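Reading the structure
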Amino acid sequence: MRVALLSDIHDHTTHLLLALCSAREEGCRHLLFLGDMAGTETFRTLREEWPHGIDLVFGNNEWNTRTFMQLAEQWDYTTLHGATADIVLDNRRLFLTHLPWDAARAAETGQYDAVFYGHTHVPAMKQNGKTLLANPGEVYGRHGTPTIGVYETETNTLRIIRL
C-alpha cells in the first residue's frame, strides 16, 4: 500500500491542496499526518479533500486540541491519536510523532518497521537497524519547495516528492 506522509502545514491550504493532489496521483490510499496543521479550518479542508483514512498526531502548533479531537470523532476513517501513535498499517508497525527526539528514541528500540516525524521542516531519511526513520519535510514551504513523503508498506521505503 502507498501511504502519504504530510507534516507542518501551518495553515497553508494552497500547498495542502497540492499535496493531496500529488498523493492521489501517486496512488496513496492512506494518509499519516505528523503535526503542525495549526487551525481547525485546515483540518476540515484535509478531511473534505482526502477520501481515504487518516491517522494524525498533534504538533506544537495545534492551539485548540479539544476542537481537533471533537472534529476527528465526528468523521469516519479519521483517528487523532494525540502526541504520538503506535499503529499497524498493512502489517507494518509504525510510530508517529511530531518531535525528532521522540522519533529517535522510538527508532532505537527496534520495535518498529518505520518511525515518522516532522517539526524540522526538512526532509530526512535514514535506516536505524531494521527501522526506517524519516521526516517527509513540510507542506508549508517555509524552507523553499514544499514536500511530502510516499511510504511503500510492501518494501518499507519512502520517497520524498517535491510539490
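In this text, all values refer to a predicted model and were calculated from it rather than measured experimentally.

About the criteria used
Residues numbered from 1 in each chain as written. Predicted model: local features only at pLDDT ≥ 70, side-chain atom pairs only at ≥ 80, totals over all residues. Heavy atoms only, no water. 1 Å grid on protein atoms, 1.4 Å probe; cavity = no way out; pocket = protein on both sides within 12 Å on 5 of 7 lines; lining within 4 Å. Points joined across faces, edges and corners; volume = space filled by probe spheres on them. Nonpolar A, V, L, I, M, F, W, Y, C, P; charged D, E, K, R; others polar. Phe/Tyr/Trp six-rings, centres within 6.5 Å; stacked < 30°, edge-to-face > 60°. Helix = DSSP H or I, 4+ residues; strand = E, 2+ residues; numbered from the N terminus. Buried < 20%, exposed > 50% of the residue type's maximum accessible area, 1.4 Å probe, protein only. Pairing = 2+ DSSP bridges. Right-handed = clockwise from strand over helix to strand, strands pointing away. Contact = heavy atoms within 4.5 Å. Core = buried A, V, L, I, M, F, W, Y, C linked by side-chain atoms within 4.5 Å.

Considering empty space enclosed by the protein
Rolled over the atoms, a probe sized like a water molecule indicates the empty space that remains. By the definition in use, this model includes one cavity of 30 Å³ or more. Considering only enclosed or pocket space, the largest cavity measures out at about 30 Å³ in volume. Around the largest cavity sit F33, M37, L56, V57, F58, E62, F68 and L80, which together line it. When its residues are assigned to classes, the lining of the largest cavity shows seven nonpolar, no polar and one charged.

Considering the packing of aromatic side chains
A complete count under the given rule lists five aromatic pairs for this structure. Taken together, a centroid distance of 5.3 Å and an interplanar angle of 55° make the contact between F95 and Y112 tilted. Of the two residues, F95 is situated in strand β6 (residues 92-97) and Y112 in the loop between α4 (100-108) and β7 (114-116); the sequence distance between them amounts to 17 residues. Accessibility classification places F95 together with Y112 in one group, the buried group. For the ring pair F116 and Y151, a centre distance of 5.1 Å and an interplane angle of 70° mean the geometry is edge-to-face. On the criterion of sequence distance, the pair formed by F116 in strand β7 and Y151 in strand β10 (residues 147-152) is long-range, its members being 35 residues apart. In this structure Y151 comes out as buried when scored by relative accessible area, which is 0%.

Brief notes about the pairing of strand β2 (residues 30-33)
Every second residue of β2 is oriented toward a common face, with H30 and L32 on one face and L31 and F33 on the other, all of them buried. Both β2 and strand β3 (residues 53-56) contribute to a ladder of four bridges, which runs parallel. Counted as the bridge partner of F33 is L56 from β3. In the classification by handedness, the crossover that spans β2, the intervening helix α2 (residues 40-49) and the parallel β3 is right-handed.

Observations regarding the environment of L89
Looking at where L89 falls in the secondary structure, it is placed in strand β5 (residues 84-89). Contacts of L89, omitting those with residues within four sequence positions, involve M1, V3, H30, L32, L94 and T153.

Thoughts on the nonpolar core
A general trend in soluble globular proteins is that nonpolar side chains are found buried together. L6, L31, M37, F43, L46, W50 and L56 are the most contacted members of the largest nonpolar core, which totals 25 residues. Put simply, the parts of the chain that give this core at least two residues each are β1 (2-6), α1 (13-25), β2, α2, β3, α3 (65-74) and β10. Apart from the residues within four sequence positions on either side, L6 is in contact with L16, A19, L20, L31, L32, F33, L34, P136, V139 and I148. In terms of nonpolar packing, the next biggest core, distinct from the first, is built from 16 residues, L5, A85, L89 and Y151 among them.

Digging into unusual backbone geometry
The backbone phi angle of N91 is positive, close to 65°, even though this residue is not glycine. Assignment of secondary structure puts N91 in the loop between β5 and β6. Residue classification places N91 among the exposed residues on the basis of a relative accessible area of 74%. The backbone of H121 sits at a positive phi, close to 70°, despite the residue not being glycine. When you line up the elements, H121 lands in the loop between β7 and β8 (124-128).

Geometry only, nothing functional implied.
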